Amino acid sequence: NKWQAYEPITIAYNVPLEVVAKLEMRADEMEGISTIQSTTRVYPWGGTASHIIGYLSRQVSETTAANLERMGYSYEEFRDIENIAVTDGNGDPKTDENGNPLYQMTKLGYSYNDYIGVAGVERTMERYLTASSLSKRGRQTLEVNKHNAIMRELSKTYASDGDDVMLTIDLPLQIVVENALQDAIEKVRAYEEEQLNQDLAKPEDQRDYKNHAKIKLAETGSIVVLEANTGKLLALASYPSYDPNRFMQSISTEDYEELFGETSNMPTLNRAISTRMAPGSIFKMATGLAGLMEGAITTASTITDNGPYMRFESSDEIIAEDDAPRCWISNRKRHMHENLNLSTALGQSCNYFFFTVADRLGMTRLKNWTDRLGLGNVTGVELPAEIAGITGGQSSLYNNTASLDDQRSSLPYYIYRQLKAYLTEILEKRGTDIDDAALDRCARQLLALQDGTDSSDMGNEVRRILRDELNLPITLTRSQNWVLQITSLLSELKWKAAMTIRSGMGQGITAVTPVAVARYAAAIANRGTVYDVHVVDRVIDGDGKAVRIFEPTVYDKIDAPEEYWDAIAKGLERVVSDEDTGMAGTAYSNFTDAFISEGYNVRISGKSGTAQISTQANNIDIENTSWFITMMPREAPEIVVITCIPYGLSGSTGSRPAVEAITRFYLDRKDASARENLVQVNGLMP
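Here the structure is a predicted model, which is why all the values come from computation and not from measurement.

Geometrically, a packed helix pair is captured by the angle between its two axes and the distance between the axes. Between helix α10 (residues 284–294) and helix α13 (residues 351–361), the least distance of the axes is 9 Å, while the angle of their chain directions is 45°. Taken together, the axes of α10 and α13 are oblique relative to one another. The element α10 and its partner α13 pack so that their crossing is left-handed. Residues K284, T287, G288, A290, G291 and E294 of α10 form the contact with α13, whose participating residues are N351, F354, V357, A358 and L361. Residues belonging to the contact of α10 with α13 are distributed by class as follows: five nonpolar, four polar and two charged.

The next point concerns the pattern of salt bridges. Counted according to the given criterion, the structure contains 35 salt bridges. The residue D170 makes a salt bridge to R669 at a minimum N-O spacing of 2.6 Å. Placement of the pair is D170 in the loop between β7 (164–167) and α7 (171–200) and R669 in helix α25 (residues 651–672), with a sequence separation of 499 residues. Given a relative accessible area of 30%, R669 falls into the partly exposed group. For the salt bridge of R189 with E219, the shortest nitrogen-to-oxygen distance reads 3.9 Å. In this pair, R189 sits in helix α7 while E219 sits in the loop between α7 and β8 (221–227), placing the two residues 30 residues apart along the sequence. Note on E219: relative accessible area 36%, which makes it partly exposed.

Here we come to the packing of aromatic side chains. Evaluation of the coordinates by the stated rule reveals 15 aromatic pairs. An angle of 65° between the planes, with centres 6.3 Å apart, marks the rings of F247 and F260 as edge-to-face. Of this pair, F247 sits in the loop between β9 (233–239) and α8 (253–260) while F260 sits in helix α8, and the two are 13 residues apart along the sequence. Residue F247 is classed as buried on the basis of its relative accessible area, which comes to 9%. Linked through ring pairs, Y55, Y242, F247, Y256 and F260 together constitute an aromatic cluster. In this arrangement the basic side chain of R127 is found over the ring face of Y128, its NZ or CZ atom lying 4.8 Å from the centre. The ring of Y555 carries the charged tip of R519 above its face, separated from the ring centre by 4.4 Å.

Right, let's get into the environment of M458. Tracing the backbone shows M458 in the loop between α17 (436–448) and α18 (459–470). C-alpha separation for the pair M458 and I486, spaced 28 residues apart in sequence, amounts to 9.7 Å. In this view, M458 contacts L449, Q450, T487 and L490; residues no more than four positions away in its chain are not counted.

What follows covers the nonpolar core. Looking at soluble globular proteins, one finds that nonpolar side chains tend to be buried together. Counting residues in hydrophobic clusters, the biggest one holds 84 residues, and the most contacted among them are F353, V517, Y520 and I629. Among the elements that line this core, the one with the most residues is helix α22 (residues 514–526), at nine residues. When residues no more than four places from it in sequence are discounted, the contact partners of F353 are I297, S301, I303, L340, N341, L342 and A345. Residues V188, A218, I639 and Y666 belong to the second largest nonpolar core, which totals 31 residues.

The rules behind these values
- Residues numbered from 1 in each chain as written.
- Predicted model: local features only at pLDDT ≥ 70, side-chain atom pairs only at ≥ 80, totals over all residues.
- Heavy atoms only, no water.
- Axes fitted to C-alpha atoms, helices over the stretch in contact; angles between N-to-C directions.
- Helix = DSSP H or I, 4+ residues; strand = E, 2+ residues; numbered from the N terminus.
- Parallel < 35°, antiparallel > 145°, perpendicular 65-115°, else oblique.
- Left-handed = near helix turned anticlockwise from the far one by under 90°.
- Contact = heavy atoms within 4.5 Å.
- Nonpolar A, V, L, I, M, F, W, Y, C, P; charged D, E, K, R; others polar.
- Salt bridge = Lys/Arg side-chain N within 4 Å of Asp/Glu carboxyl O.
- Buried < 20%, exposed > 50% of the residue type's maximum accessible area, 1.4 Å probe, protein only.
- Phe/Tyr/Trp six-rings, centres within 6.5 Å; stacked < 30°, edge-to-face > 60°.
- Lys NZ or Arg CZ within 6 Å of the ring centre and 35° of its normal.
- Core = buried A, V, L, I, M, F, W, Y, C linked by side-chain atoms within 4.5 Å.

Read these as layout, nothing more, since geometry by itself doesn't imply function.
Okay, structure coming up:
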């Protein structure tokens, strides 16, 4: 019923020329059958930049205003189009499952044969790229007879092409980045498999790999390259990747399973913008800057590692030594860091230093600065499905004013299930009928009691809720230890000082996206300007005129004294250098001898990060997220490179092959284009 009798229906594509010839020869015998040349969209670079470019699909249908706006249409463009709203048989507006009004894409000019953007820039720039919209589609007025046969043409308006969208991507750099990411992941995985096999062959080894089959190895990752002084995205790689040409033909069952199946590694997922992970030590620059800006430390302040961090300056909370966090170096039973200032603490990545700074700040002030640096917000890049990071604090851990489905961390849902299980146990012991709806209401109301304050005074409210929802008399509740057990569970949702200090070194519930880390690193590199990220440079129409230009936009500006930036910059230099400070930087020893001897490490700054994500009780070293931030050139950084490999060993270990490859390419190309290296032609410089 969606088709019109006078509109042709395509019944076959890409037919051989001999078929076309036969149809043309017998056209008089085959009324209503005709052939026409059409275009085929081709992605000449295959899978290169596929997560940026995206792909198309025949999905012209009824959709919401929000989806149209995600495709670049403004509400003003379609709200007044006649009959664009979808209605039912009674003329009432139809909505989706969430109550959002539905609109007909065909009223915008699309036909059901048209392709539309589904992912990447194809999606977000659909309004400009398409030639199917009303403003670009041609129009023909025909006279037909009662059999709908065309008698003559009355008028005709020729169609115009879609616009060209010019990206900020540096194609040669993009290719190098994609190859470097794949190579790094393959090398890390091979090393991990080798280590596991060696340990399995040595039962006396101190680590237990009896459950090695459960250990996750490196198989995915992402790299983001950002221009430090504009926020322009120069390269973005997500592994595994895919070829968007596969979507221009019918997807086979095998292809579908590979791309979207349950056992798939989700090649179409843009891991640079749609996944978030604990940042580990790459977060420490934010903690250090926050400490300086709030006066918790100065550039001259020194802190010494005293072992387990058990007592807190910001509260009277005390935790057991076995549970207390400590510096990575004391975990390895080597000497502890002594008298470190911010620069040397960054160079040695001293956890204890940043525990102390975060403790002095408190989570509210720390979160304020990390959010200002863009770690807790979306970057605005013109790509679909970007998610925001989580930077800690009570509202991030649990917000009792939001629904359970809208919480930012997974802990509230876990506590909700624990509460339901405990309440079910109470009712079963009493032989009471179990009403799942009542259990759900009760658990949710109990959760809502946690507002971040001490749970010790919740007793009366807990008893009231148990009475009202589960018919448990208050007198009975007072004689049991139910309230104590429930408030103990609820206390897990209260933000504590121990959580703050872990946040100071990028652990706990803190989770960020690689693209947000790129924006944050760029702000450190350019000394305070936090840019929105842009991957679209401009839109050009068929006549070569600019339809829209995307200028750099600023998310925030941090005005800090130059000495603050100097201290941080010096620390990031120390990370990759063999400074005369008693110990080389944390990343120095992981670089190859060739990389160091050829002087590349002294031309960059950087910071490694290792976020523990082990699923094993003995905290297998393999199961870490490997992060590395690279800034180059060191003296005046032009770009930042963010490498992220989940289950990729420690920070600089897993990321090192990619860091070296990208650094070599960028600096060698920069050297080759330097004026002193250009060749004169007829006595003239280019």
